[in-house]
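Architecture at a glance
Next come the chains, spelled out residue by residue.
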Amino acid sequence: MSSGIRVASLDDIPEGEGIAIDKSVTGTADDIALLRDEDGSVWALDDTCTHEDASLADGWVEGGYVECPLHSSKFCLKSGEVQNLPATKNACPHRVEVRDGEVYLFPNEAP
Amino acid sequence: MSVRVGRVVVVGGGVAGVSTVAALRSGGFDGELTLVDAGEFPYDRPPLSKEFLAGKKDLQQIALQPPQWYDDRAVRLVNRAVVTAVRPDLAAVELAGGGTLPADRVVLATGGHAARPPIPGGDDPRVHVLRTAEDAAELRAALVPGARVLVVGGGLIGAEVASTAVDLGCEVLLADPAPRPLAGAVGDEIAAWLHGLHARRGVTTVHAAVESFASAAGGLEVRLTGEDEARVVDVAVLGVGMVPETSLAAAAGLDVDRGIVVDEHQVTSNPAVLAVGDPARTRRDGALLPRTEHWEAARLDGERAAAAILGRTAPATSAPWFWTDRHGLHIEAVGDMASADRVVVRGLLGEPPFSAFGLRGDHVVGAVAVEDSTAVRAARRMIDRAIPVDPVPLADTAVELKKLLRR
Ligand SMILES: Cc1cc2nc3c(=O)[nH]c(=O)nc-3n(C[C@H](O)[C@H](O)[C@H](O)COP(=O)(O)OP(=O)(O)OC[C@H]3O[C@@H](n4cnc5c(N)ncnc54)[C@H](O)[C@@H]3O)c2cc1C
Ligand code: FES
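This structure is a prediction, so every number in the text was calculated from the model and none was measured.

The rules behind the values
- Residues numbered from 1 in each chain as written.
- Chains lettered and ligands numbered in written order.
- Predicted model: local features only at pLDDT ≥ 70, side-chain atom pairs only at ≥ 80, totals over all residues.
- Heavy atoms only, no water.
- 1 Å grid on protein atoms, 1.4 Å probe; cavity = no way out; pocket = protein on both sides within 12 Å on 5 of 7 lines; lining within 4 Å.
- Points joined across faces, edges and corners; volume = space filled by probe spheres on them.
- Nonpolar A, V, L, I, M, F, W, Y, C, P; charged D, E, K, R; others polar.
- Contact = heavy atoms within 4.5 Å.
- Buried area = accessible area lost by both parts, 1.4 Å probe.
- Salt bridge = Lys/Arg side-chain N within 4 Å of Asp/Glu carboxyl O.
- Polar contact = N/O pair within 3.5 Å; in protein donor to acceptor, adjacent residues only side chain to side chain.
- Helix = DSSP H or I, 4+ residues; strand = E, 2+ residues; numbered from the N terminus.
- Buried < 20%, exposed > 50% of the residue type's maximum accessible area, 1.4 Å probe, protein only.
- Near = heavy atom within 4 Å.
- Areas by Shrake-Rupley, 256 points an atom, 1.4 Å probe, with all protein chains shown as cover.
- Domains from an automatic or database assignment.

What follows is about empty space enclosed by the protein. Think of a ball as big as a water molecule: rolled over the atoms, this probe shows where empty space is left. Per the stated rule, a full pass over the model turns up 1 cavity of 30 Å³ or more. H51(A), E52(A), H71(A), D44(B), P46(B), P47(B), K50(B), E51(B), W323(B) and D325(B) are the residues that line the largest cavity. Residue classes in the lining of the largest cavity are distributed as 3 nonpolar, 2 polar and 5 charged.

Structure, rendered in structure tokens:
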């Protein structure tokens, strides 16, 4: 198993918000949203909402979910599972690890 | 569950009906579940004035759920079928063509139709309305580049149609007797700015109502109030509101008052029949509330109806929210701007992203945001949690709204 890609410092992501990591860095088909819940934990999902073109990194992160900034479908931070319409497909989750205040991403590995 | 409900029939496959069946199954309902819809399959309505009308998405792409979804949940989906009567006395609904479906509970999710006010000449085939995918497909065929299009009504749907028509290269005239359509929903200042966007995109806006349509050489002649000369267009679209579909409820003897009257659990005057979505009208503390004709309200109605059928506690209520898109901008509103006694603008009004918060005393009662989804989501929580706010940091874009929520 790889040691992951260092993509950000924890301080770069305010609690309750997200940042997008470009696909040129992650090597994935889509950019990846790093989402930090209010309890400080960090999660990663494919950045583009499965409904239309919103960036989930711009979403509202709270209580284990991210709410899409366009039409408010909610996705589980951990599993990517969609909670409500209009999106119908789950978001793809990726594994994240925080070591010494640095965020490491393991693209396409299950969390 | 106190009384076991065995068979549920949901009438209407809009967002309210589909949410009802989704919430019933995710809530553990294991009885027979049938969803009856008049259309080809349940599809989503908001794209009909946006991507679908623009030709960027087809009907399959706006399906509310893929076909497999219904099978996976053992939902019997009956498409292209019309319910003609609801018979709670017989625990059944009747279908056009003579069939019946047994039902211990019926959920009316019948939506509504586009209003067609009695304007002389309004039955001309060039006068369109927009509610269904068929309406949208017919309108789209008429919105060819260069077509002269009259949009009647500058509210949510009218403005979206005007915007899409300009994108398609049409020459658009937008008529509304109100100088600032949507002022009630978004407040005067923002309404004025939003309406002004049309002119900036080349739409001609006039403050007028339509008096009549008539067929004339070279097109459809339109007479507008306050204008001496008739105008000639190729296409007209009426975006003047919707009429709730209440006929099944009325025929079943349910309480109907410009909407199907329901309690806070979506239950009608007959305990075996519930109503959700656009046609439902809630009576709370003896007073009839206005209907909320927005997408999310319909979705949440479905979740509440499912909870009621399952005998569960209803999900928490939240301030009403809607979005709309025009001229490339995403606009959202939450709560009730009309009940505000002052408005605090965050950012520069007219330079997106910006937002406006309606305050009553030191509480937020509503908000509108242009390209600023965080503002509306923060406002919603301020309203729902009744968090008092100081207008000074609220207006200051350097202060994070989440901080104000944590106070
Ligand atoms: C063009 C357009 C754009 C919109 N854009 C937005 C937007 O951007 N944001 C927003 O918040 N809201 C928007 N709305 C409003 C939103 O779409 C509605 O509030 C929502 O669709 C209501 O859902 P519903 O399930 O109550 O009704 P509907 O969506 O109307 O569904 C009702 C269904 O019931 C079926 N039906 C009715 N009677 C019978 C019967 N007797 N037997 C069988 N089937 C029956 C109908 O065929 C229909 O499929 C828009 C609406 C329109 C028309
Ligand atoms: S783009 Fe995310 S819900 Fe529509």
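That shown, we press on.
With 19 residues of chain A at the contact, the number on the chain B side is 25 residues. Of all residues in chain A, the largest losses of buried area upon contact with chain B belong to W60(A), H71(A) and L85(A), amounting jointly to 37% of the total for that side. One can count 5 salt bridges joining chain A with chain B. The partner of K57(B) in a salt bridge is E52(A), and the shortest N-O contact between them spans 3.3 Å. Counting the contacts that link chain A with chain B gives 11 residue pairs in polar contact (both at pLDDT 80 or more). Top contributing element to the side of chain A that touches chain B by residue count: strand β5 (residues 60–62) of chain A, with 3 residues. For the side of chain A that touches chain B, the per-class residue count stands at 7 nonpolar, 6 polar and 6 charged.

In a structure, side chains of opposite charge can pair up when their charged atoms sit close to one another. The final tally for this structure, using the stated rule, is 30 salt bridges over all chains. A salt bridge links E15(A) to R36(A), with the shortest nitrogen-to-oxygen separation between them at 3.5 Å. With a gap of 21 residues between them, E15(A) in the loop between β1 (5–9) and β2 (17–21) and R36(A) in strand β3 (residues 32–36) connect regions that are remote in the sequence. Residue classification places E15(A) among the partly exposed residues on the basis of a relative accessible area of 34%. Residue class for R36(A) comes out buried when judged on its relative accessible area of 12%. A salt bridge links R87(B) to D89(B); the nearest nitrogen and oxygen atoms lie 3.1 Å apart. Of the residues examined, R87(B) reaches a relative accessible area of 29% and is grouped as partly exposed. The exposure class of D89(B) is exposed, given its relative accessible area of 58%. One connected set of salt bridges, linked through shared partners, spans E62(A), E67(A), E332(B), R377(B), R381(B) and R385(B).

With that settled, consider the site of ligand 1. Residue and element names in this part refer to chain B. Around ligand 1, the surrounding shell holds 34 residues, and the nearest of these are D37, R45, K50, R131 and D278. Taking K50, its side chain carries an N or O atom lying 2.6 Å from an oxygen atom of ligand 1. Within the backbone of W323, an N or O atom sits 2.9 Å from a nitrogen atom of ligand 1. A total of 1000 Å² of accessible area belongs to ligand 1 in isolation, and the protein chains cover 91% of it. Those elements giving two or more residues to the shell around ligand 1 turn out to be α1 (15–26), α4 (156–167), α8 (295–310) and β22 (321–326). Across the shell around ligand 1, the residue classes break down as 18 nonpolar, 9 polar and 7 charged. A domain-level breakdown of the shell around ligand 1 finds at least three residues from each of domain 1 (7–113 + 242–310) and domain 2 (127–238).

None of the figures reported here should be taken as evidence of function without further support.
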